[in-house]
Amino acid sequence: MDAVLQLANVTKEFAGHKAVDGVTLSIPRGTFFSLLGPSGCGKTTTLRLIAGFESATAGEIRLNGERIDDLPPYRRNVNTVFQSYALFPHLTVHGNVAFGLRNGASKANPAADKVRRVLEQLELSGKESRKPAQLSGGEKQRVALARALVLSPEVLLLDEPLSALDPQLRQQVRAELRDLQKKTGVTFLFVTHDQEEALSLSDSLAVMRAGRVEQMGPPQELYRKPRTKFVAAFLGEMNWIGGVGVRPEAIRIARVADATGRKATVDGTAFLGPTAHISTTLEDGTKVKVQIPSSDCPYQAGESVHLCWNAADELRDLT
Amino acid sequence: MTSTPANRLRAFFLTPVATVMLATLGVPLAIVTAYSFLSRGPYGGVEMPWTEENYTRLFDPLYAGIFLRSAWVALLATAGCLVLAFPLALFIARSGARKNLYLALVILPFWTSFLIRLYAWMFLLRDTGLINTAFISLGLIHAPLPLLYNEGAVLLGLIYGYLPFAVLPLYATLERQDPVLLDAAADLGATPWRALFRVTIPLSMPGILAASILVFVPCIGTYIVSDLLGGSKTVLIGNLVQNQFTSSRDWPFGAAASIVLIVAAIAMLLLMRRSREELL
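Residues numbered from 1 in each chain as written. Chains lettered and ligands numbered in written order. Predicted model: local features only at pLDDT ≥ 70, side-chain atom pairs only at ≥ 80, totals over all residues.

1. Notes on the nonpolar core
Next, step 1: By size, the foremost hydrophobic cluster in this structure holds 79 residues, and its most contacted members are A:Val97, A:Ala146, A:Leu156, A:Leu157, A:Leu189 and B:Ala185.
Next, step 2: Residues within four places of A:Val97 in sequence aside, it is in contact with A:Val115, A:Val118, A:Leu119, A:Val143, A:Ala146, A:Arg147 and A:Val150.
Next, step 3: Core analysis: the second largest hydrophobic core is formed by 47 residues, B:Ala85, B:Ile92, B:Leu125 and B:Leu236 among them. (Core = buried A, V, L, I, M, F, W, Y, C linked by C-beta atoms within 7 Å. Buried ≥ 20, exposed ≤ 12 C-beta atoms within 10 Å, placed from the backbone. Contact = placed C-beta atoms within 7 Å.)

2. What about the interface of chain A and chain B?
Next, step 1: The interface of chain A with chain B comprises 18 residues on the first partner and 14 residues on the second.
Next, step 2: Among the elements of the structure, β6 (78-81) and α2 (93-103) of chain A are those that each provide at least two residues to the side of chain A that touches chain B.
Next, step 3: The element best represented in the side of chain A that touches chain B is α2(A), accounting for 3 residues.
Next, step 4: Across the side of chain A that touches chain B, the residue classes tally to 10 nonpolar, 7 polar and 1 charged. (Helix = DSSP H or I, 4+ residues; strand = E, 2+ residues; numbered from the N terminus. Nonpolar A, V, L, I, M, F, W, Y, C, P; charged D, E, K, R; others polar.)

3. A closer look at the confidence of the model for chain B
Residues and elements named next belong to chain B.
Next, step 1: Taken residue by residue, chain B gives an average pLDDT of 88. The fraction at 70 or more is 98%.
Next, step 2: When mean pLDDT is taken per element in chain B, helix α8 (residues 180-187) scores highest with 95 and strand β2 (residues 46-47) scores lowest with 78.
Next, step 3: As a predicted assembly, this complex carries a pTM of 0.82 together with an ipTM value of 0.86. (pLDDT = per-residue confidence, 0-100.)

4. Focus on the environment of A:Ala86
Next, step 1: Structurally, A:Ala86 is set in the loop between β6 and α2.
Next, step 2: Each residue touching A:Ala86, except ones within four places of it in the same chain, is listed here: B:Val180, B:Leu181, B:Asp183 and B:Ala184.

5. Examining the environment of A:Thr286
Next, step 1: Topologically, A:Thr286 is positioned in the loop between β15 (275-282) and β16 (287-293).
Next, step 2: In the structure, A:Thr286 is positioned 46 residues away from A:Trp240 in sequence and 8.1 Å away in space, judged by C-alpha atoms.

6. Topic: the environment of A:Val4
Next, step 1: Mapped onto the secondary structure, A:Val4 falls in strand β1 (residues 3-14).
Next, step 2: Along the sequence, A:Val4 and A:Tyr223 sit 219 residues apart, while their C-alpha atoms lie 25 Å from each other.

As structure tokens, this is what we get:
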């Protein structure tokens, strides 16, 4: 595997507290990689360590095999899309996008051409002379992307870039991000706390918890074969029945008895559009959530039902 | 303004300050304006007839020169204050929990009268002052340096006196700047120096303008600093006005010079408002 970015035992301590605790990661070139975890898990600090805004207490960060952890941020060939976008309010769209090019050694004019091309690519043509205050949220985000991508970074760091957008727009921008990564071939390192975002966008992802990487791999593998209870519960929903994990969508529900079925009582149902969630309680008091197509959901609260699932869908031996 | 309850309430609370301003600023200004169009009385004061001669006299090269010199000194003092205040304001804005302590230190000199602080400068700068005696006793010089009673001393006094007026607005504008913009600048390849000139200073323009006005306007009209530290050689507009009302006993001419000064100050303020609008 050709890794563009490698972290080896990277640790960052803030006043005795380890925000990042021995993180080892290898990011394959040209892929969409996500760091996923709850707030405070160290994912943003990891990103800031790679960008150079924080310096690691211990460990090594390598870009194309070269150590970069001693370099100031302005010497690292990675660029960041900030959560708040951090556009320069006194500069126009064009000024923001050209900002990084003017810092470079090249004084020649291919700069103007580069800016025009990236603005076209991000559908910002015609908005060059606007100030950030005159842009919509989605446009601001595209300027932030353009400003970083115009420098052809080895890795583009994205710090929860969708969280400031309203939900409708977020879906659309998610698809655009994915396309942009494919089209440009730039390695994207995406930080998010939204598991759906991470699962739908990433070629592979790392789940973080309390400064450590819990598990790393492609989305399907992490969802189907989580190694820890934390990963199992953080990605999607999980029922814990007698020490075994079963996903709500793996459970079948019926009114009639079944050889392997277990008796349960319906507590309530929630209609979620294409699917419905049914909350049930087993005879031993265990709460079990069931997810079925909403068209197959005639169940009422208080009703007795039978639940069953395949042994193959049980997740065992999670730590 | 329509007479809504909110507007009536506003009028009620603004009446006291409006009355005070009218009595202490509006009325005297009207008197000064009227005086500036009258003729001088033999022992001071004013008498009829109305005339605009006081204003035409200001175009005399002698007086025009005084105006220009005052503007030049004020400009130098403003530039000096900005150059000294900007790094200080930047330092305070980025010093976290100690901000308030440093700000308190900046305004600490106001606890003593400006007049007394200027006398302190005289004691430092005069021929038998601390600096000259120290240098002579160390054998560095043999005759006292002419530190006092020149334009340099006036400039020093102005920069010293009005530095806090530059620090405070600069601090206010720097403190509001989002630190993530500096991360962004570094991320896009800007060294700290480039980030200072391409992000921090451009974003501070409103504060730089406010500081310039707050220093320039009192400096161009100063009379106490030039009177005490400049001696008789350095006559600025402030001293000209004072002389007309005291030794020269030409109140209308002094009034005309004051009005021109006020108009110049208002013009500066309007100019600032326009450039602010362009910036934002």
